[in-house]
Amino acid sequence: MWAIIGTWPFALRGVEQAARGLAAGQEAMEAAVQACRLIEDDETVDSVGRGGIPNREGYCELDAAVMDGRSLGIGAVAGLRHCPNAVLAARALLDHPTHNMLCGPGADAFAREQGLSQRPIETPQAMERWQALKRQQASHGHDTVCFLALSNNGRLASAVTTSGLGLKMPGRVGDSPLAGSGFYADDELGAAAATGLGEDIMRGLLSFQAVSYLKQGLHPQQAAEQAVLQAHQRMLRGGHQPDNMAVICLDKQGRYGAACNHQEFVYAAAAQGQPPHLVPVVPVIDNQRAAAPRELKGLR
Ligand code: GLY
């Protein structure tokens with residue numbers, strides 16, 4: 001059994017590519033990383049890689065991470081300024097014997113040493129958009145691209161990449177490179193990854209929570225819903241109004257699901273016998289019944 005799931009409609013191309021690879025025997029990690037890379041290279045996607053949205057000072061700082069479900073090994077980078085394929089730097093760190101997370105100039109130096117592309121990340125289009133956001137004094141979304149993959153040999157992997165919150169303060173790091181918050185993977189259970197406001201996702205350790213619910217025997221759809229619902233409600237009880245959060249979840253049997261606390265979330269998925277398709281997600285907080293087990297049309 002193989003499966004691939006990715007956040008947001010623009011993940012569909014990555015899902016299509018990964019589906020071809022996984023069906024031909026590609027390993028989960030390679031499929032997830034190459035799917036992220038494809039989206040990073042798409043300059044029309046303004047939340048990752050080249051063309052990502054700059055920070056308050058007008059330059060991009062990229063965060064990315066990977067996790068190997070067999071070893072629980074992690075590779076993560078934060079605040080990468082000169083390498084548009086942040087996910088490749090994260091993937092290279094997974095293999096490092098002692099260092100698995102680097103930030104800022106150290107992360108850029110590592111990417112250079114690995115021979116990774118040093119093209120400018122900021123595009124003219126992204127700078128125009130940044131100027132407009134500055135004029136409006138508006139912030140900008142944080143549509144992190146996350147892929148979870150299961151390969152035929154039972155291996156699970158997660159890979160995430162983002163330019164983070166638009167107009168963020170220099171040095172701000174979101175959930176995406178933080179294990180348990182932005183991503184998690186465990187071959188014995190499943191994998192999860194998050195998109196939304198990093199500061200809130202971190203409060204709930206959203207990805208780890210979703211995988212923990214798999215451990216309790218929940219279907220990935222229920223696990224994702226419980227993770228979002230519990231985190232959302234816990235923040236409300238503490239007097240904090242949560243911003244947008246969403247989580248995708250895949251189990252070791254290739255079943256998957258997703259949940260969010262807002263109206264906009266759509267994910268892309270494919271699995272053995274299921275061609276690549278998009279799935280709009282019903283928010284768990286508008287309808288509490290969404291937290292109960294349910295079948296998603298066209299999913300399985
Ligand atoms: N979820 C991405 C970020 O907050 O940076």
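Residues numbered from 1 in each chain as written. Predicted model: local features only at pLDDT ≥ 70, side-chain atom pairs only at ≥ 80, totals over all residues. Heavy atoms only, no water.

Asker: Would you explain the site of the ligand in this entry?
Answerer: Around the ligand, the neighbouring residues are T144, G164, L165, R172, G174, D175, S176, G196, L197 and G198. Between D175 and the ligand, the recorded distance is 2.6 Å, taken from a side-chain N or O atom to a nitrogen atom. Separating an oxygen atom of the ligand from a backbone N or O atom of G198 is a distance of 2.8 Å. Protein chains bury 100% of the 190 Å² of accessible surface belonging to the ligand in isolation. (Near = heavy atom within 4 Å. Polar contact = N/O pair within 3.5 Å; in protein donor to acceptor, adjacent residues only side chain to side chain. Areas by Shrake-Rupley, 256 points an atom, 1.4 Å probe, with all protein chains shown as cover.)

Asker: So what exactly am I meant to see when it comes to the environment of A126 here?
Answerer: Turning to its location among the elements, A126 is positioned in helix 5 (residues 124–136). Filtering out sequence-adjacent residues up to four positions away, A126 remains in contact with G51, G52, I53 and P54. (Helix = DSSP H or I, 4+ residues; strand = E, 2+ residues; numbered from the N terminus. Contact = heavy atoms within 4.5 Å.)

Asker: Help me out: how do you make sense of the sheet that holds strand 3 (residues 73–80) in this one?
Answerer: Backbone-to-backbone hydrogen bonds join strands into a sheet, with any given pair of strands oriented parallel or antiparallel. What the eight strands build is an open sheet, ordered 4-3-2-6-5-1-11-12; its pairing is mixed. In the strand order of this sheet, the two ends are held by strand 4 (101–103) and strand 12 (274–280), each with one partner. Between one strand and the next, the sheet's axes are offset by a mean angle of 10°, whatever the strand orientation. Sheet topology places strand 3 next to strand 4; three bridges connect them, and they run parallel. By the bridge assignment, A76 is partnered in strand 4 with M101. Contacts between helix 1 (residues 12–23) and the sheet are confined to strand 1 (3–7), strand 5 (145–150), strand 11 (266–271) and strand 12, with strand 1 contributing the most and set at about 165° to the helix. Packed onto the sheet, helix 3 (residues 86–94) meets strand 2 (62–68), strand 3, strand 4 and strand 6 (156–162) and runs at close to 140° relative to strand 3. (Pairing = 2+ DSSP bridges. Axes fitted to C-alpha atoms, helices over the stretch in contact; angles between N-to-C directions.)

Asker: Looking at this structure, how should I read the pairing of strand 1?
Answerer: Each regular strand carries side chains that alternate between the two faces of the sheet. Along strand 1, five of the five residues are buried, which leaves the element largely enclosed by surrounding structure. The pairing of strand 1 with strand 5 spans four bridges and is antiparallel. Looking at strand 5, one finds that I5 is bridged to L148. Bridging between strand 1 and strand 11 involves five bridges; their strand directions are antiparallel. Among the inter-strand pairings, I4 is bridged to a residue of strand 11, identified as A270. (Buried < 20%, exposed > 50% of the residue type's maximum accessible area, 1.4 Å probe, protein only.)

Asker: Can you help me understand helix 5 in this one?
Answerer: Along an α-helix, residues three or four apart share an orientation, since each turn contains 3.6 residues. The terminal C-alpha atoms of helix 5, which comprises 13 residues, lie 19 Å apart, in line with the 18 Å expected from a rise of 1.5 Å per residue. All buried positions along helix 5 are accounted for by A126, W130 and L133. Looking down the long axis of helix 5, one finds its buried residues gathered within 65° of arc, a one-sided arrangement. Opposite the packed face of helix 5, turned more than 90 degrees from it, sit the exposed residues P124, Q125, E128, R135 and Q136. Positioned one or two residues after helix 5, Q137 has a phi angle of 50°, which is positive. (Expected span 1.5 Å × (residues − 1). Arc of directions from axis to C-beta.)

Asker: Sorry, what's going on with the sheet that holds strand 7 (residues 183–186) here?
Answerer: If you trace the four strands from one edge of the open sheet to the other, you get 7-8-9-10, paired in antiparallel fashion. Of all strands in the sheet, those with a lone pairing partner are strand 7 and strand 10 (256–260), marking the two edges. Strand-to-strand twist of the sheet, defined as the mean angle between neighbouring strand axes without regard to direction, takes the value 10°. Pairing of strand 7 with strand 8 (residues 190–196) involves four bridges; the strand directions are antiparallel.

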